[in-house]
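# Per-entry structural report
Now for the letters of each chain:
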Amino acid sequence: MSDHREDGEGLQAYYDEALRCVRCGLCQAVCPVYAVEQSEASVARGKVQLARALLEGRLEPSPAVRERLFLCLNCGACTANCPSGVNVAKLMLATRAQLLRDVGRPAVEGLLLRQVLANPRSLGLAGAGLALYRRSGLRWLAHYVDALATLPAGLAKAEAMLPSRSRSRPRVGPAPERPRYRVAYFAGCVTSVLYPDLAQSVVAVLRQEGCQVVLPRGLGCCGTPHRAYGDAAAAQKLADRNTRALNEASVEAVVTDCATCGAGLKDYSGLRVPVYDVSQFLVEEAGLVAPRRPLAVRVTYHDPCHLARGQGVREAPRRLLRAIPGLDLVEMAEADRCCGGAGTFALTHPETSLRILERKVANAAATGAAIVASGCPACLLQIGYGLGRLAAGGQDGPREALHPVELLAQAYAPP
Amino acid sequence: MLSAQIKHELRAIVGERMALTDPADLATYAYDATHYTHTPDAVVVPASTDEVSAVLRLASRERLPVVARGSGTSLCGGATPIRGGVVLSTARLRRILDINAARSCATAEPGVNTAEFMRAVETRGLFYPPDPSSQSVSTLGGNVAQGAGGPRGAKYGSLRDYVLGCDVILADGSRLRTGANTVKNASGYDLTRLFVGSRGTLCFFSQLRLRLLPLPVARRLLLLPCADLAAAARLALAITAAGLLPSRLEALNDQAAAAAGAGQTSAILLCELDGSAPGVDRQAAIVARLAGAQSGEDRAGEAAEAIWNQLQGWPTLARVQVPRDRLPALLAKVGELGGTLRGDWGVVAGAGTGGVRLVALPGTKDAGTEPEGSAPAAEFAALAGEFGLVRPAAEPAERLRRSLKSAFDPRGILNPLVPLAPDGSQAR
């Protein structure tokens, strides 16, 4: 994704990428959306051929084409498994960008991306609002969420998916006397708004490692949603702003707990500070301080797409979990298969998302684990929702979804 | 372009959402794994035999071409709507209806995924031998329509030997049941074997009755390093000449061997033996003696499966079929093509079946960048003629073929223009 051809040259620059597809159709074997939808437009080959048809003038850009291009989780399974090496993800982003120029987008999508996500203050307000809504059931917020989700089924799901904890910006505490590292913590939108406890855990474990944690001013959304929606200009603006803030923070590393933000940040071209996923930083860079307090619990780990395939981080979170005394880590089947959350996909395609989620939850439940760990708050949101449904249906299964760092923080905490 | 009336009738048959006519959808059903592109006028996704039958009645009345489609992995244009018309998808005909161990038979709908079917019968201690390389995504209906099999054909016979019978829908929408659910069924015209491999030109398959075998108790994979592809083919001939019948014999060139994770830097011969445990061990000892100094390692279980899975992940770019005793000569020639076959393209030679595939290995660049199929692939495919594929005389075969076609499909609506030449060499 570090290729930014789409910013200037448009889709034409990707014609070779589209031609590289030999149409063997093997992506059908790994695509979670295809497994549910069984339609050619739902799988990578179909989407690549849509891009090619647009490029060859055999197909007019239309809202229908755009809709089909968004029937995708951006999970990268097709790209990772393509025998011909087609970078489907890159080609899709360029095609979406072209369609945004050619046919525009629904107003609510623009509102969400350009107004809410791009603006830290409104994001904070949205977070505070969501927290308030949970407690008071404010009706205005229902309208707000409705406007974003556009679909009644999406609304019901948005509400059901909200985790039950809430607070905002983490407390970083005083700097340690002789800090081993000075690190910037990039708390993404989902963590900031929905998982403040997770943010606090990240700070706690970093401090345990002797890090001075700073929260640079002026950070906003990482821009990945904007790029995913084809809005490369808005994505670049956010990237520039974050890059400036992080470069000026005089830190040795940027650490994030969000797989999607991590993948996005690692892709910034002007960033002079190395970016780490929090598990990667703890295990590979800082060297994990052995936690003492045992947690006698069986855990299974779900690989977030943007961590496993997006950043190649698979081992670090597992090593982190295995370091916790008493913790029994059991692998689930298809651990790196997408959970179906995929940012807004869960809201825009609730039925499909749910069926993809059911397979994930069934795989997790089959391990007999009590907890599903995953290194991405967006996955936690989706899987937590699935576990809640499982419990509501009276079925046995894991009881909660947690970030590995939250378990580590528990194992560090004094008894 | 279809009239509004016909679109309306299609929707009435399969439901609003299952009759696709938006150009965005049509563009995604305009191809299969070949380089041909022809846009259909509609795509319908029926959920039952009744719906298929109704669609065919309508198509027959309107003389609309109909092309059945499984997962679109055909390498001969079998699922490409060359003359437009209606693509009939089997995506909602995906049930395994019965697995009957006592009768050694299973009944399934055409849209069932091949690999899923193989796994399902294996959990019952049964074995479905036809193993096309596209099995992870292909469908039983597509396999049967194309007569698609794989390397196990050398020991177990072709796909035709495993289709006991089928329910088909003819061009006018009428139904026909062929064969029986018995392993022996000898007299009369063998319509089942006529339909298998007919590439969608004679009927639509709505149910398949497939023959099963007991799952072999033991299976071992021997990895035999060889100087080059031709040497691997000679070793394969020596193995069969010694009276052994391996369940799979595949020769890989050095690039393919490396990509398969065989831990070799030279060409290799993969030799899979199956049967009873002592029988497999005895055969393995003989193979090791024949391979002599070349004798390599051997793998079983998941480690062996991992190698086959790699092979199945490589898309076929071109295919040549020759009598297997001609393989050493052919493969020597393929070795000379090395320069033309740029970079890291792989060659997988069915040393048991005589089928040779040119494949794209992971990371192969430019495999599909030439819209009309690549020149090396065509050159590769041209070798078939040179190496003795027997082609029947054009007449009277062609006249009989036309008579057969018009007897089953008088209006010529079923997959028109799909080539029916003996499956020798198709450039993709």
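What counts and what doesn't
- Residues numbered from 1 in each chain as written.
- Chains lettered and ligands numbered in written order.
- Predicted model: local features only at pLDDT ≥ 70, side-chain atom pairs only at ≥ 80, totals over all residues.
- Helix = DSSP H or I, 4+ residues; strand = E, 2+ residues; numbered from the N terminus.
- Buried ≥ 20, exposed ≤ 12 C-beta atoms within 10 Å, placed from the backbone.
- Contact = placed C-beta atoms within 7 Å.
- Pairing = 2+ DSSP bridges.
- Domains from an automatic or database assignment.
- Nonpolar A, V, L, I, M, F, W, Y, C, P; charged D, E, K, R; others polar.
- pLDDT = per-residue confidence, 0-100.
- Axes fitted to C-alpha atoms, helices over the stretch in contact; angles between N-to-C directions.
- Parallel < 35°, antiparallel > 145°, perpendicular 65-115°, else oblique.
- Left-handed = near helix turned anticlockwise from the far one by under 90°.
- Expected span 1.5 Å × (residues − 1).

### Re the overall build of chain A
Within chain A, the regular secondary structure consists of 23 helices and 8 strands. Going through the 415 residues of chain A one by one, you find that 53% of them count as buried. Across chain A, every contact between residues at least 6 apart in sequence was considered, and the portion connecting residues at least 24 apart equals 76%.

### What about the overall build of chain B?
For chain B, the helix and strand inventory stands at 14 helices and 19 strands. Buried residues in chain B amount to 52% of all 428 residues. For chain B, the proportion of contacts with a sequence separation of at least 24, taken over those separated by at least 6, is 72%.

### Topic: the pairing of strand E3 (residues 66–69) of chain B
Looking down a regular strand, the side chains alternate between one sheet face and the other. Residue and element names in this part refer to chain B. Along E3, one buried face is formed by Val66 and Ala68 and the opposite face, lined by Val67 and Arg69, is buried too. With 4 bridges joining them, E3 and strand E4 (residues 86–89) adopt parallel strand pairing. When the sheet's bridge partners are listed, Ala68 is paired in E4 with Leu88.

### Comments concerning the domain arrangement of chain A
All names here are of chain A. Domain boundaries in chain A define domain 1 (5–103), domain 2 (107–157), domain 3 (181–286) and domain 4 (298–412). The distance between the C-alpha centroids of domain 1 and domain 3 comes to 29 Å. Contacts between the two partners involve 8 residues from domain 1 and, on the opposite side, 7 residues from domain 3. Secondary structure elements with two or more residues in the side of domain 1 that touches domain 3: helix H1 (5–8) and helix H7 (88–103). For the side of domain 1 that touches domain 3, the per-class residue count stands at 4 nonpolar, 1 polar and 3 charged.

### Notes on unusual backbone geometry
Generally, phi is negative for residues other than glycine and the peptide bonds are trans, each holding for most cases. Residues and elements named next belong to chain A. Unlike most non-glycine residues, Ser250 shows phi in positive territory, near 40°. Along the chain, Ser250 turns up in the loop between helix H15 (232–247) and strand E3 (253–256). With 11 C-beta atoms packed within 10 Å, Ser250 lands in the exposed category. A positive phi angle is found at Ala342, which is not glycine, with a value near 50°. Taking the C-beta count within 10 Å as the criterion, Ala342 has 25 such neighbours and is therefore assigned buried.

### Some remarks on the confidence of the model for chain B
Residues shown with low pLDDT carry predicted positions that ought not to be read at fine detail. Residues and elements named next belong to chain B. Per-residue confidence for chain B gives a mean pLDDT of 87, with 88% of residues at or over 70. Low confidence marks residues 366–373, where pLDDT is under 50. Its contacts with residues over four positions away, or in another chain, come to 20 contacts. Contacts for the low-pLDDT stretch residues 421–428, under 50 throughout, to residues beyond four places or in other chains number 27 contacts.

### Quick word on the sheet that holds strand E6 (residues 328–329) of chain A
All names here are of chain A. In space, the 4 strands of this open sheet follow the order E6-E5-E7-E8, with parallel pairing throughout. Two strands lie at the open edges of the sheet, namely E6 and strand E8 (400–402), each paired on one side alone. Two elements, strand E5 (residues 298–302) and strand E7 (residues 371–374), share 4 bridges in a ladder whose sense is parallel. The residue bridging Tyr301 from the neighbouring strand is Ala373, located in E7.

### Describing the packing of helix H4 (residues 44–55) of chain A against H7(A)
Residues and elements named next belong to chain A. Relative orientation of the contacting elements H4 and H7 amounts to 45°, with a least axis distance of 10 Å. Taken together, the axis directions place H4 and H7 in an arrangement best described as oblique. Handedness of the H4/H7 crossing: left-handed. Where H4 approaches H7, its residues Ala44, Lys47, Val48, Ala51 and Leu54 are matched on the opposing element by Val88, Leu91, Met92 and Thr95. Residue composition of the contact of H4 with H7, by class: 7 nonpolar, 1 polar and 1 charged.

### Some thoughts on the sheet that holds strand E5 (residues 96–100) of chain B
Residues and elements named next belong to chain B. Ordered by their spatial adjacency, 5 strands build an open sheet running E5-E6-E10-E8-E9, and the pairing between neighbours is antiparallel. The sheet terminates laterally at E5 and strand E9 (175–179), the two strands that pair on one side only. The mean inter-strand angle of the sheet, taken between neighbouring strand axes irrespective of direction, is 10°. Most of the contacts of helix H4 (residues 114–122) go to E5, to which it runs at about 35°, and overall it touches E5 and strand E6 (105–108).

### What to know about the interface of chain A and chain B
With 29 residues of chain A in contact, the opposing surface of chain B contributes 28 residues. When residues of the side of chain A that touches chain B are traced back to their parent elements, those giving at least two are helix H2 (15–20), H4 and helix H5 (63–69) of chain A. Top element by residues in the side of chain A that touches chain B is H4(A). It accounts for 4 residues. Residue composition of the side of chain A that touches chain B, by class: 13 nonpolar, 9 polar and 7 charged.

### Describing the packing of helix H21 (residues 350–365) of chain A against helix H22 (residues 377–392) of chain A
All names here are of chain A. At a closest axis distance of 10 Å, the pairing of H21 and H22 adopts a crossing angle of 75°. Our classification of the angle between H21 and H22 gives roughly perpendicular. For the pair H21 and H22, the contacting residues are Leu357, Glu358, Lys360, Val361 and Ala365 in the first and Gln382, Ile383, Gly386, Leu387 and Leu390 in the second. Tallied by class, residues from the contact of H21 with H22 come to 6 nonpolar, 2 polar and 2 charged.

### Considerations on the environment of B:Pro40
Residues and elements named next belong to chain B. With respect to the secondary-structure elements, Pro40 resides in the loop between helix H2 (23–26) and strand E2 (42–44). On the neighbour-count criterion, Pro40 (28 C-beta atoms within 10 Å) is buried. Remark: the alpha-carbon pair of Pro40 and Val86, spanning 46 residues in sequence, is separated by 6.0 Å.

### Looking at helix H13 (residues 196–208) of chain A
All names here are of chain A. The terminal C-alpha atoms of H13 lie 18 Å apart, and with 13 residues this matches the ideal 18 Å at 1.5 Å per residue to within 8%. Inspection of H13 places Leu198, Ala199, Ser201, Val202, Val203, Ala204, Val205 and Leu206 among the buried residues, and these make up the whole buried set. Positioned one or two residues after H13, Gly210 has a phi angle of 80°, which is positive.

### Regarding the environment of B:Thr73
You can see B:Thr73 is positioned in the loop between E3 and E4. Note: C-alpha distance between B:Thr73 and B:Thr139 (66 residues apart in sequence) is 9.0 Å.

### Description of helix H8 (residues 229–241) of chain B
Residue and element names in this part refer to chain B. Compared with the 18 Å implied by 1.5 Å per residue over 13 residues, the 18 Å span of H8 between its first and last C-alpha is a close match. Along H8, the residues classified as buried are Leu229, Ala230, Ala231, Ala232, Ala233, Leu235, Ala236 and Ile239. Among the structural elements, strand E12 (218–226), strand E13 (248–252), strand E14 (267–275), helix H10 (277–291), helix H12 (327–336) and strand E17 (346–350) are those in contact with the buried residues of H8. Downstream of H8 by a residue or two, Gly243 has a phi angle that is positive, lying close to 90°.

### Remarks on the confidence of the model for chain A
When pLDDT is averaged along chain A, the result is 85, and 83% of the positions lie at 70 or above. Per-residue pLDDT stays below 50 along residues 1–8 of chain A; that stretch engages in 15 contacts with residues further than four places along the chain or on separate chains.

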